[in-house]
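What the coordinates show
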Amino acid sequence: MVLKRDKRFEKRIAEKRIDFLLDLADQKKYEDYELSRRYIELSIRIAKKYRIRLGKRKLRFCKKCHYPYRGDRMRIRISKGVVRIACVNCGNIRRFRIK
Ligand SMILES: [Zn+2]
């Protein structure tokens, strides 16, 4: 007998883990920046494996170096309805429009 895997159930657990890891990364980012980066990398890996879209959760860390955004490690500029977030660690700039 082969036990069937419940993919939907697994996906739900994976999603919970992602949220948990990102929250943990948020809590630890002022104490141990390296560790919270590790948490984010883990949550990205889980998301990739279970094909979970990160959506708004993506705004919590830098896409390029995976360090969480932190007050003293980022620069935010708003002009003409465009928000620019610059990461101080790697220099990556993200832009998006606000309505
Ligand atoms: Zn970065």
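As shown above, the structure is provided for reference.
A tally of helices and strands in the protein chain yields 2 helices and 3 strands. Going from the N terminus to the C terminus, the protein chain shows its helices and strands as α-α-β-β-β. Rg of the C-alpha trace for the protein chain: 16 Å, well past the compact-globule value of 13 Å for 99 residues, more than 25% over. Its C-alpha atoms give the protein chain principal-axis dimensions of about 60 × 35 × 20 Å. The 99 residues of the protein chain split such that 15% are buried. Sequence-distant contacts in the protein chain: of pairs separated by 6 or more residues, those separated by 24 or more amount to 43%.

The next point concerns the environment of Ala86. Here Ala86 lies in strand β2 (residues 82-87). When neighbours within four sequence positions are excluded, Ala86 is seen to be in contact with Met74, Arg75 and Ile93.

How each quantity is defined
Chains are numbered independently. Their residues run from 1 in the order of the written sequence. Local features in a predicted model are, by the rule used here, given only for residues with pLDDT of at least 70; side-chain atom pairs are given and counted only at 80 or more, and totals for whole chains, interfaces and linings are based on all residues. Put simply, DSSP H or I for four residues or longer makes a helix, DSSP E for two residues or longer makes a strand, and each gets a number counted from the N terminus. Atoms counted for the radius of gyration: C-alpha only. Globule rule: 2.2 Å times the number of residues to the power 0.38. Exposure classes come from backbone-placed C-beta atoms, where a residue is buried if 20 or more other C-beta atoms lie within 10 Å of its own, exposed if 12 or fewer do, and partly exposed in between. It is the C-beta atoms, placed from the backbone, that decide contacts: two residues are in contact if theirs lie within 7 Å.

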